[in-house]
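# Structural characterization, general
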Amino acid sequence: MFDVNKIRNDFPMFDKIDPAKPLVYFDNAATTFKPRSVVDAVTRYYTTSSVNIHRGDYELSYQVSEEYEQARKTLANFINSDEREVVFTSGASASLNLVAYGYGQKFLKPGDVILSSEAEHASNILPWFKAAEETGAVVEYIKLTEEGELTVENFRAAMHDKVKVVAVAHITNVLGFIAPIKEMAKITHEYGAVISVDGAQSVPHIPTDVKDWDIDFLSFSAHKMCGPTGVGVLFGKFHLLQAMDPFMLGGGSNARFDICGNILLKNPPFKFEAGTPAIEAVLGFKAATEYLLSVGMQAIEDYEHGLRVYLVEELSKLPHIHIYNPHAATGIVTFNVKEIFAQDAAMYMSSKGIAVRSGNHCAKILLDLLETSETIRSSVYFYNTKEEVDRFIEVCKEVTLEKCIDLYL
Amino acid sequence: MNDLLNNPMILRQIIMDHYEYPHNHKLSDDPAYGSVHMASESCIDDITVQALFKEGKVADVRFDGVACTISTASTSIMTELLIGKTLDEAKRIIDHYNKMINMEAFDVEMLEEAVAFHNVGKQANRIKCATIGWKAIIQLIEESEAKHDETTR
C-alpha cells in the first residue's frame, strides 16, 4: 500500500528541513533526495569494508567484490537485462558519451544518419554532433507535435535506409512526454539500425523492461533515482558491447598486455570499467534500486501521475500562468508566469520556499519549438505530496513582477 | 537623494520602467561601434552591448538580448547614465556603481537611477545580473583605450 507519509519518514532530508523555513522540493528532474538505506550503504562501505574490488587475495576484498557484482545483478533485474549487459559509468552523460564514442565513432560512415529529436538533453545530442563531425555522418531530427511529443507516425516518417543510429530520450527532461520506445525500437530494427535510449528521466519514474522493448542501449543515473551522485549505468545488448570500443583503457579493463602494445581486453562489462570505480556509490545505487522496488515502480508511476494531474489542473486555473506541456503524463510540468522572466519568477518562488528550476534545461534546441528562451520547470517525485502542490499553487497565485523586484529593494 | 534609497515604491518603479521599456534597446549596424556579447555561464542572460566613443566621450551605448529583470533594467540605466559623459566621468560612475553593488560607500548623487540596485549585493546570486551590462561597458572602454594607444603611439 502506497503511503507517502511513511515514505517521507525514510528520507533524512525531510527531517533536516527547518519547520520555520519549509522547503517544497520540486526539482526532482535535476536530482533526488536519498532514503536512509542509501546513506547507510555508502557509510557502511567506508566504515566496515573500505578496500578495493577485484584485486585483493584477502577476504574483505572478496566480500566487497561480491557485493559490487551483486549490485550489477540487482540493476540488471531492475531493467530486466543480463548482468553482463550492465556497465557501471559515472552517470547517464558518461553512458551516452560511451555509446556515441565507442559505438558511433567506430561504426558510422560518411553519409550515415543519426536520427534524434529537438527535445534532447545536451548529453544526448552533443556527443552525436561530435560523432557526426568525426565520421562524416549527419544528424537529422524527428518532427515533434506542437506540444513537443514524439509520435510513432512522425518517427516512421523520419526513418529511412541511411539511418544507422536512433538517439532519443524515453522521457524528455523539459516536456516529460513518454516516447513510444517499444514501437520505435521495432521500426529502428526493421531498418537495421540501433536505438540508444536516454533513460535519465524515465528509469527513476516508470517500470523499465529492456527485453520487452528490445532496445539496444539504455543510459541512466543513480542520483535521479534516490541513489548517490557519480554513478550510472549503460545497458547495452551483449553483442553490441562486445563490438564497440571502451572510452578509456586501464587497470581492470584488460586481461593481459605485452611490451609490444598488444592488448587483450576483458569481456563486457569489465572492458568498459578501467580504474577503481565509485565503489560506495555502486553499493548505494544497489540500495536505492532495492528501495524503489520495495515501493514498486508501477505504484511510483501511478502516484506521480496523480500528483501531476492535480498540479496541472490547479495551475491551469491561474490566468497568468502559461503551461507548455499540459498533456504530458509524467511529473515534469514546464510553465512560465506571463510577463515575468523565468529566473525572476523562480527566485520569487525560492524566497517562498519552493525549489524549481528556471532556464533552458540543457535542451537548447527545443526553444524554437516552445517559442520562448526560458521556462520554469517543476518536477515531482513519489515523496512529494498534495499539500506541497497546494503550497506551490498558492505561491504561483500570488507572484507578480512587483513582488519579484521587491526581493532586491 | 538619500530619501530615495528608503523609498522602495519609487525604486521598484524605476526597475519596472527600465525592464518593461528598456532605453537604448536596439543595436546599431554602424561598424564604428564597439560590440561585446555577454552570455552568462551560470544563468540564461545573453546580451550584446555596443558603444561608440568620440573625442574622449561616450557618444552612444546600446544593448539588446534576453535577460532577467535585474540585468535588463541595470543595463538600461547604465546606458542612460553613461551617454554623453567623458571616459573619465564614465569610469568614475562605473567605479561607484561597483562599490554600491559590493555594499561599500558610494556617491548617491552620481548614480542617479542606478541606486535602485543598492541592495542587490545582499543577494550574491543576483550580483551577476546587476553587473552584466556594466562589465560589458568596462570591456568596451578598455578596448577603445587600447586601440587609441595603438594609433597614437
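Values in this document were obtained by computation on a predicted structure and should not be read as measured data.

### Describing the overall build of chain B
Counting its regular elements, chain B contains 6 helices and 3 strands. Helices and strands appear in chain B in the N-to-C order α-α-β-β-β-α-α-α-α. What you see for chain B is a C-alpha radius of gyration of 15 Å, in line with the 15 Å of a compact globule of 153 residues. Across its three principal directions, the C-alpha atoms of chain B cover 50 × 30 × 25 Å.

### Points about the pairing of strand 9 (residues 254-257) of chain A
Residues and elements named next belong to chain A. Strand direction decides the pairing type here: strand 9 and strand 10 (residues 263-265), joined by 3 bridges, are antiparallel. Within strand 10, the position partnered with phenylalanine 257 by the bridge is isoleucine 263. Connecting strand 9 to the antiparallel partner strand 10 that follows it, the hairpin turn spans 5 residues, and glycine 261 within it adopts a positive phi of roughly 90°.

### Things to note about the sheet that holds strand 2 (residues 46-54) of chain B
Residue and element names in this part refer to chain B. Strands sit in the order 1-2-3 across an open sheet of 3 strands; the sheet is antiparallel. In this open sheet, the two strands that pair with only one neighbour each are strand 1 (34-39) and strand 3 (57-66). For this sheet, the mean inter-axis angle between neighbouring strands, taken without regard to orientation, is 15°. With 9 bridges connecting them, strand 2 and strand 3 associate as antiparallel partners. Across the sheet, residue lysine 54 finds its bridge partner in strand 3, namely lysine 57. Where helix 3 (residues 69-82) meets the sheet, it contacts strand 2 and strand 3, and its direction lies at approximately 165° from that of strand 3.

### Concerning the interface of chain B and chain A
Contacts between the two partners involve 15 residues from chain B and, on the opposite side, 14 residues from chain A. Within the residue set of the side of chain B that touches chain A, elements represented by two or more residues are helix 2 (8-20) and helix 3 of chain B. Classifying every residue of the side of chain B that touches chain A by side-chain character gives 10 nonpolar, 3 polar and 2 charged.

### Looking at the sheet that holds strand 14 (residues 357-359) of chain A
Strands belonging to one sheet form pairs held by backbone hydrogen bonds; the direction of such a pair is parallel or antiparallel. All names here are of chain A. Read from one edge to the other, the open sheet built from 4 strands follows the order 11-12-15-14, with strand pairing classed as antiparallel. Both edges of this open sheet fall to strand 11 (321-323) and strand 14, since each of them pairs with a single strand only. Put simply, the sheet's adjacent strands are angled 35° from each other on average, direction ignored. Alignment of strand 12 (residues 332-337) against strand 15 (residues 375-379), held across 4 bridges, turns out to be antiparallel.

### Digging into the domain arrangement of chain A
Residue and element names in this part refer to chain A. Taken domain by domain, chain A consists of domain 1 (4-30 + 296-406) and domain 2 (39-294). Once you take the C-alpha centre of each, domain 1 and domain 2 turn out to be 28 Å apart. Contacts between the two partners involve 24 residues from domain 1, matched on the other side by 21 residues from domain 2. If you list the elements that add at least two residues to the side of domain 1 that touches domain 2, you get helix 12 (297-316) and strand 12. Considering each element in turn, the side of domain 1 that touches domain 2 owes the most residues, 5 residues, to helix 12.

### Focus on the pairing of strand 8 (residues 232-236) of chain A
Successive residues of a regular strand alternate their side chains across the two faces of the sheet. Residue and element names in this part refer to chain A. The element strand 8 is largely enclosed, with a buried count of 5 among its 5 residues. Here strand 8 shows two buried faces, one formed by Gly232, Leu234 and Gly236 and the other by Val233 and Phe235. Of the pairings in the sheet, the one linking strand 2 (residues 86-89) to strand 8 comprises 4 bridges and is antiparallel in character. Looking at strand 8, one finds that threonine 89 is bridged to glycine 232. Inspection of the sheet shows strand 7 (residues 217-221) paired to strand 8 by 5 bridges, in the antiparallel sense. The partner of phenylalanine 217 across the bridge, within strand 8, is glycine 236.

### Description of the confidence of the model for chain B
All names here are of chain B. Across chain B, the average pLDDT comes to 91, with 94% of residues at or above 70. Taken element by element, the predicted model of chain B shows its lowest mean pLDDT in helix 1 (residues 2-5) (77) and its highest in helix 4 (residues 87-101) (97). The complex prediction reports pTM at 0.91, with the ipTM value standing at 0.84.

### A few points about unusual backbone geometry
Residue and element names in this part refer to chain A. Of note, the bond from proline 268 into proline 269 is cis; its omega dihedral lies within 30 degrees of zero at 0°. Mapped onto the secondary structure, proline 269 falls in the loop between strand 10 and helix 11 (279-295). In this structure, asparagine 80 is a non-glycine residue whose phi angle is positive, near 60°. Tracing the chain through its elements places asparagine 80 in the loop between helix 4 (59-79) and strand 2. Take asparagine 80: there are 14 C-beta atoms within 10 Å of it, and that puts it in the partly exposed class.

### With respect to helix 11 of chain A
In this model, helix 11 of chain A (17 residues) spans 25 Å end to end at C-alpha, consistent with the 24 Å of a helix rising 1.5 Å per residue. Positive phi appears at A:Gly296, one or two residues downstream of helix 11 of chain A, with a value of about 100°.

### Considering the environment of A:Val113
Residue and element names in this part refer to chain A. Tracing the chain through its elements places valine 113 in strand 3 (residues 113-117). Overall, valine 113 belongs to the buried group, with 21 C-beta atoms counted inside 10 Å. Residues valine 113 and lysine 6, 107 residues apart in the sequence, show an inter-C-alpha distance of 49 Å. In this structure, valine 113 is in contact with Ala137, Val138, Glu140, Lys162, Val163 and Lys164, ignoring residues within four places of it in sequence.

Rules and cut-offs
- Residues numbered from 1 in each chain as written.
- Chains lettered and ligands numbered in written order.
- Predicted model: local features only at pLDDT ≥ 70, side-chain atom pairs only at ≥ 80, totals over all residues.
- Helix = DSSP H or I, 4+ residues; strand = E, 2+ residues; numbered from the N terminus.
- Rg over C-alpha atoms; globule rule 2.2 N^0.38 Å.
- Pairing = 2+ DSSP bridges.
- Axes fitted to C-alpha atoms, helices over the stretch in contact; angles between N-to-C directions.
- Contact = placed C-beta atoms within 7 Å.
- Nonpolar A, V, L, I, M, F, W, Y, C, P; charged D, E, K, R; others polar.
- Domains from an automatic or database assignment.
- Buried ≥ 20, exposed ≤ 12 C-beta atoms within 10 Å, placed from the backbone.
- pLDDT = per-residue confidence, 0-100.
- Expected span 1.5 Å × (residues − 1).

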